[in-house]
Structure formats: structure tokens, C-alpha cells
Amino acid sequence: MTPRDFVGRIGFYVLIGLVTAFFALPMLWLVGTPFDEQPGLALSVPDPTLGNFSELLDNRFALPSLLNSVLLALGTAVLVVAFAATAAYSLSRVRIPGRDVLLYLLLLLSSIVTGTAAMVPIFLLMFELGLIDSRVGVVLVLSGGLLPAAIFILKDFMDSVPKSYEESARVFGASAFQILRDVVVPVIRPGLATIAVWTIVNVWGNFLVPFILLRDADKQPAAVLMRTFYTEGGAPNLALISTFSLLFSIPVVVMYLFVNRKYGFRFYGGIKS
Amino acid sequence: MAAIKLDGLTKVYPGGVRAVDDLTLTIPDGEFFALLGPSGCGKTTLLRTIAGLEEATSGSVRIGDRDVTHLPPGKRELAMVFQDYALFPHMTVVDNISYPLKIKGLAKDDRLGRAVKAGDELSLDGLMQRRPAELSGGQQQRVALARAIATHPQVFLFDEPLSNLDARLRLAARTFLKRLQRDLGVTTVFVTHDQAEALAMADRMAVMDAGRIRQVGTAREVFQRPASTFVANFIGSTPMNLLSGVVRGQAVNVSGQIVQLPGDARQHVTDGQDVVVGVRPEYLSLSQSAADGALRGVVAIVENLGTASLVTLESDGFTVAATVADGEEPAIGTDAWALPIPGRTLVYRREDGELVDAPVVAAVA
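The written sequence of each chain sets the order in which its residues are numbered from 1. Written order determines the labels here, with chains lettered from A and ligands numbered from 1. Confidence filtering applies because this is a predicted model: local features only for residues at pLDDT of at least 70, side-chain atom pairs given and counted only at 80 or more, and all residues used for totals across whole chains, interfaces and linings.

*Asks:* Would you take a moment to explain the overall build of chain B for this structure?
*Replies:* Put simply, DSSP marks the helices as runs of H or I at least four residues long and the strands as runs of E at least two long, and each gets a number from the N terminus on. Helix and strand counts for chain B come out as eight helices and 20 strands. Think of it as a crowd count around each C-beta: if 20 or more other C-beta atoms lie within 10 Å the residue is buried, if 12 or fewer it is exposed, and in between it is partly exposed, with C-beta placed from the backbone throughout. Burial status across chain B gives 42% buried among its 365 residues. Two residues qualify as a contact pair if the distance between their C-beta atoms, derived from the backbone, is within 7 Å. Long-range contacts, defined here as pairs at least 24 residues apart, represent 64% of the contacts in chain B between residues at least 6 apart.

Have a look at this one:
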């Protein structure tokens, strides 16, 4: 290695180190600040305390809001996985004219017409349906928003299940439901797991839909509650915000690690037989 | 155990493709039957129609004394082995074998017992807890067979059973399948595009083309006496010599050379008729000296086939190939004479490609 290479290598690592530090700062803040006696916006060595957690627990909405988030996320995940799986299965197996156009339109419209742009009509729709201030309403709206992309991703998984698997089961006398349960679903399980986690993460972080559709403070999820952590003077209460952010992040990270270990994430189909 | 009777079976796909065209065929109980033909001839569609995976447009399928034409596949009491074996990747071998029994509602002990027994018969013991991905191609095939056997079906259907195996394994599997079928005695239909496979394994075979059966017969019948130039072309590892000629008295004039008409063909031809003389390279004896009734040509190409060589003679207006034992190949460029072995020459009508003694059928538009 020439001295020139050596200097170059050092420069490269310094650059990488700086970039890493830049992206690591918010993470370090998130992990450190909740345990700091004097939480601030700057990153500092914490003056260790658990006082922030007890202060957070004094807020009667804090823990219930996490439970609300879980309810909304799981409800939406169940709906999205069930409907996306059946829709993707039929779209993959039945040849109808214009099927691919339909799929692309679904994907396109759902990514262009975002929740924000459609919020007024959605609010009116929910109002007419009497679903304002109802968790069911929030779950339905969120499911509707996530389904097109979920169907699109799952169809790819369904396409990769060889037809002979199903035909073989049919020759043995299996019913359509048995084929779906015993053959198709187990084979595309990584896809279903990916869609479930993706849905949960989306709902977990969604602020706008529950903020607009839910009135009752007892029903609001964690993402909505976050905005209430201000002091009487109107300044952000960093102690509460940082502590709550940490609690807010942990379930998703744990779930991600668990599912990744158990099923592995994949955004494409494919069978290793 | 049951015979299969197909009567006027027709399958037309939406879009108008007649994949199986008014097909009538009886496969007796216990027979090992091959459906043979080039790609797109309808053989796989026919197999799938027997299985019930495709619905017949018209005609009927009978298995034993039951009319199964409108029954779903699961009620037809047959087992099918797919080309890719269709083993479920998320199940172990034993679960794969016992899955059909689970569908049929057998108790757990019962189906595990039967699965283990079927696995043992195909020497799968020791592999029962593995997943299909951990098995070789040959082992996967045996699992698929065990799964089919364990259901005690009336009929086996195999779709290209050997095509996913490598060449050496294919030969072993051929012998194995034939023995297995003989031991079980279950009526078996298999689809193949490989004529050598059909000749080696099947008791009888149907050669198909464009949704119709061109010939049904034993391996010997189909090999020695192809019913048409299509079958003659398709069957045999070396292509049959098909020489166009004109009948002249008791012989056929092939581009100026004379081939004697076989005795049984003489009454079916008229003088001046356009015919095609068919003779297999294996049924031509080659000599370096002129022989009466032999076709003369110049040795152009010698291809080594292992135990024999295929010698191609070129003459004015035609080429003819003959096999010779190894070590007896003539030198390239020399003259040689190919003499048909008596009784092995076939004569086809040129207009429809059928044997001259076949009844003339009005051409179908």
C-alpha cells in the first residue's frame, strides 16, 4: 500500500464516520434524553434519572394511547392481510381483461391521491356513515389506503406459487378453502408477514387520519397524543416527548426483529422448492 | 383397478383451439399406456381432461364402470404425478405423502402408517423428516410417487415423469417406474414427448398429433409398422428413410432406382401411383458390392451411435441412411448399396401419408 493509498483510505473512513455520526445523532438523542435530568435539544451525557418515566406515567393518556395504537394497527393489519391475500389470489389466478391496467391504476391512484388530499371527502364519507369518533372508521380508512399497494405486492407472491401445487391438491380432493389454507398461505407466508409488518408500521406512525376522525381523547393513538406534550408556557416538554418517543419506537423495533427472524422480509415472490 | 374409456372426447379452449378432437380410446385395466407426441399435440390436455383439471367440451370419460366426465378431480379416484412433482415445499416428506389421506379424512395414526409404508416401498425411509428442498431430483420423484401410491387410486396419471431428471438418472427411473407399475398393477397413463421413453416403458401407446390419435399400438407395432409418415418420422432414435417414388409394376421407381414392393402392398397400389417408401436405417443392410434390389449411393457421412454407426448415402434425388455394426463402416466417398431386409419395407400413399393398405378416409376440411 502506497502512502497515497493509505491517506486516501483514512480520508474515506473519516468521511464514513462523519456521515454515520450525522445519522446516528437523532438515534442517540432518542436513547439518551429520556434518562436525562435536564432534557434539552442538544446531545449531552445524561445526568441519569428515571424521573421522566414517572412523569410520563402521571399523564393518564400515555399508556392507554399506546394500547389504542396497538388496536388500530392490529385491526388494520388483519383487514389488509385478509383482503389483500384474497384479492391478490383471485387477481393472480383469474384472467380478466384489463387486469394489469387495473392493478397499476390502483397503485398509481393510491400513491397520488394521498390521505391528505382526500381527507375532506373521506371525512364527509365517514360522517355520513356515522363512523366519526369510531376506531372502526379509522381502521377502515387506513385499510383502504394501504390495500392497493398490499394487493400489488402480494399478487407477485401469488404469481410465484406454481399452479401445479394447487392442481395436485385438487386431484387429491382438496376444496378451494383447503388449498388456500394448506398450500397457498403457508407458501407465501413471508409475503403475508411482510405485508402485516408494513401495515402495522404505517398505522403506528399515522397521525392525520386518527387525528381527524377521532374526537374522544381516550381513543387517540400514541402518534396523536404526542402533540399534547407541551408545558403550560407553550414550550415543548422535551422530557415527556423524548420519553414517549422511546416507548413509541420500541414495540415496532421489537416486532420488526421478531418477524425478520421468524419469516424473513421479502418484497418479491419466489419459491425455493 | 379400472379401465379407462374415452368416447368422442373433445376439448376446445376458449379462443377456439381444439386441443383434443373427437378422441375415442380404451385403456384396459392394468395397462401401462403412453401418450406420445410433439409439443402442442394435445397429449397433456388429454391427460388433464382425464384427471378432471380440464372440463371436456363434449364426449365422455369413464373410469371402470363409472362415468366421471362431470366429476371433480378429487372424486375420480385417481392420482397424478406432475412434471415438477408439485411437492409442497413447507411440508416434510411424511406430511407430503400423508396430505391426500388427511384430505380424505383418515385418522392421524392411520395416515402416518400408510405414508410410512408407501415411503418404505420406495426406499424413502430416513428421508421422511426432510423438506423437498433437501432432496435430490430422483428422491423428489419417489416422494411424489409415494404420495400417489398411498392414496390407493384406481388410475395413475404421470405428466412427463422423467423430464426433470438428468440423463443417467432417467434411465434408472425408467426401469424403476416400469417395475413399480407392474408390481402395483394399476392402470397408468403417462405423457411424454420422448419416443424412446414411450417405447421402453409403455405396454401400448397412442401417438398423437393435432388433438387426434394417429396410431395406437404396442411399442413393436408402432416401431415396425408406423401407420403414417408422421408416426414414422416421430418414432425411432434414427429417422426413418422416406423415399418418394412412383409404382412401376411390382416395384417402386425412386429417382431412377428400383425398390421391390413388399408382397402385402402389391394389391393396394396401382401402376403409376405416387407413393412413399419407408424403411428404417436398422432394416437396411449395407454392402460394398452391388446387390439386386439395393439402393446405390455414395457414402457421405458416418455418424457414430456407440455400438453402431449411421451411414448416409447420397444418390441422385435422394439420401438414404443405414446402420452398420461398429468396425464395418465404409470409407467416405466410396460406393455402397443398401438392401432392404425382406418384410420391413413399408409403402405409404403420398397424398395422405397413410399406409397403402389403410382404408381411404375422406379428407377432413
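*Asks:* Is there a simple way to think about the pairing of strand S6 (residues 78-81) of chain B in this case?
*Replies:* Within a regular strand, the side chains alternate between the two sheet faces. All names here are of chain B. Where burial is concerned, the two faces of S6 agree: the one with Leu78 and Met80 and the one with Ala79 and Val81 are both buried. In this analysis, strands are considered paired if DSSP registers two or more bridges between them. Relative to strand S7 (residues 155-159), S6 runs parallel, the two sharing four bridges. Of the residues in S7, the one forming a bridge with Ala79 is Phe156.

*Asks:* Whenever I open this one, unusual backbone geometry confuses me. Can you help?
*Replies:* One can expect most non-glycine residues to show negative phi and most peptide bonds to be in trans. Residue and element names in this part refer to chain B. Although it is not a glycine, Asp22 sits at a positive phi angle of roughly 45°. Backbone geometry at Ala86 places phi at a positive 50°, although glycine is not the residue there. Position of Ala86 relative to the elements: it lies in the loop between S6 and helix H2 (93-103). Taking the number of C-beta atoms within 10 Å as the measure of exposure, Ala86 has 26 and is therefore buried.

*Asks:* How do you make sense of helix H7 (residues 163-171) of chain A when you look at a structure like this?
*Replies:* Every α-helical turn comprises 3.6 residues, leaving residues that sit three or four positions apart pointing alike. Residues of H7(A) that are buried include every one of A:Tyr165, A:Glu167, A:Ser168, A:Ala169, A:Arg170 and A:Val171, and no others. Against the buried residues of H7(A) lie helix H8 (176-187) of chain A together with helix H1 (43-51) and S6 of chain B. Once H7(A) ends, the next one or two residues include A:Gly173, with phi positive near 100°.

*Asks:* Looking at this structure, I do not really get the sheet that holds strand S17 (residues 308-315) of chain B. What am I missing?
*Replies:* Adjacent strands of a sheet pair through backbone hydrogen bonds, lying either parallel or antiparallel. Residue and element names in this part refer to chain B. Pairing is antiparallel across the open sheet formed by five strands, whose spatial order is S15-S19-S16-S17-S18. Strand pairing shows two members of the sheet lacking a second neighbour, strand S15 (284-287) and strand S18 (318-325), which therefore form its edges. Looking at each pair of strands side by side, their axes are set apart by 45° on average, direction ignored. The pairing of strand S16 (residues 295-304) with strand S19 (residues 335-340) spans four bridges and is classified as antiparallel. Pairing of Leu295 across the sheet is with Ala338, part of S19. Lines fitted to C-alpha atoms define the axes here, with helix axes fitted over just the stretch in contact, and angles between the N-to-C directions of these axes take values from 0 to 180 degrees.

*Asks:* Is there a simple way to explain the sheet that holds strand S12 (residues 251-254) of chain B in this structure?
*Replies:* Residue and element names in this part refer to chain B. Read from one edge of the open sheet, five strands run S13-S12-S11-S14-S20, paired in antiparallel fashion. Edge strands, defined here as strands with exactly one partner in the open sheet, are strand S13 (257-260) and strand S20 (346-349). Recorded for the sheet is a direction-independent mean angle of 45° between the axes of neighbouring strands. Sheet topology places strand S11 (residues 241-248) next to S12; three bridges connect them, and they run antiparallel. Along S12, the bridge assignment pairs Arg248 with Ala251.

*Asks:* For this particular structure, what's the right way to read the interface of chain B and chain A?
*Replies:* By a widespread convention, an interface's size corresponds to the accessible area lost as its parts come together. Counting residues at the interface gives 22 residues for chain B and 17 residues for chain A. Mapped onto the side of chain B that touches chain A, the elements with two or more residues apiece are S6 and H2 of chain B. When residue character is reported, Ala, Val, Leu, Ile, Met, Phe, Trp, Tyr, Cys and Pro are called nonpolar, Asp, Glu, Lys and Arg charged, and the others, Gly included, polar. Grouping the constituent residues of the side of chain B that touches chain A by class yields 16 nonpolar, three polar and three charged.

*Asks:* Looking at this structure, I do not really get the nonpolar core. What am I missing?
*Replies:* One recurring pattern in soluble globular proteins is that nonpolar side chains are buried together. Defined on buried residues, the nonpolar core groups Ala, Val, Leu, Ile, Met, Phe, Trp, Tyr and Cys residues joined through C-beta atoms within 7 Å. Formed by 158 residues in total, the largest nonpolar core has its most connected members in A:Leu154, B:Leu157 and B:Ala338. The element contributing the most residues to this core is helix H6 (residues 135-159) of chain A, with 13 residues. Not counting residues up to four positions away in its chain, the partners in contact with B:Leu157 are B:Leu47, B:Ile50, B:Ala51, B:Leu78, B:Met80 and B:Val189.

*Asks:* Looking at this structure, I do not really get the packing of helix H3 (residues 62-93) of chain A against helix H9 (residues 189-205) of chain A. What am I missing?
*Replies:* To characterise two packed helices, one gives the angle between the axes of the helices and the distance between these axes. Residues and elements named next belong to chain A. Close contact between H3 and H9 brings their axes to 8 Å; oriented N to C, the two are set at 140°. In terms of their interaxial angle, H3 and H9 are classed as oblique. Considering how the two elements wind past one another, H3 and H9 form a crossing that is right-handed. Facing Ser69, Leu72, Ala73, Thr76, Ala77, Val80, Val81, Ala84 and Ala85 of H3, the residues of H9 in contact are Leu192, Ile195, Ala196, Thr199, Ile200, Val203 and Trp204. Residues belonging to the contact of H3 with H9 are distributed by class as follows: 13 nonpolar, three polar and no charged. Relative orientations are named as follows: roughly parallel for angles under 35 degrees, roughly antiparallel for angles over 145 degrees, roughly perpendicular for angles from 65 to 115 degrees, and oblique for any other angle. Each crossing is labelled by how the near helix is turned from the far one, with a counterclockwise turn of less than a right angle marking it left-handed and a clockwise turn marking it right-handed.

*Asks:* Please explain the environment of A:Asp218 as it appears in this structure.
*Replies:* Residues and elements named next belong to chain A. Note on placement: Asp218 falls in the loop between helix H10 (208-213) and helix H11 (222-225). Asp218 sits in the exposed class, given 10 other C-beta atoms within 10 Å. Spatially, the C-alpha atom of Asp218 lies 8.5 Å from that of Asn68, the residues being 150 residues apart in sequence.

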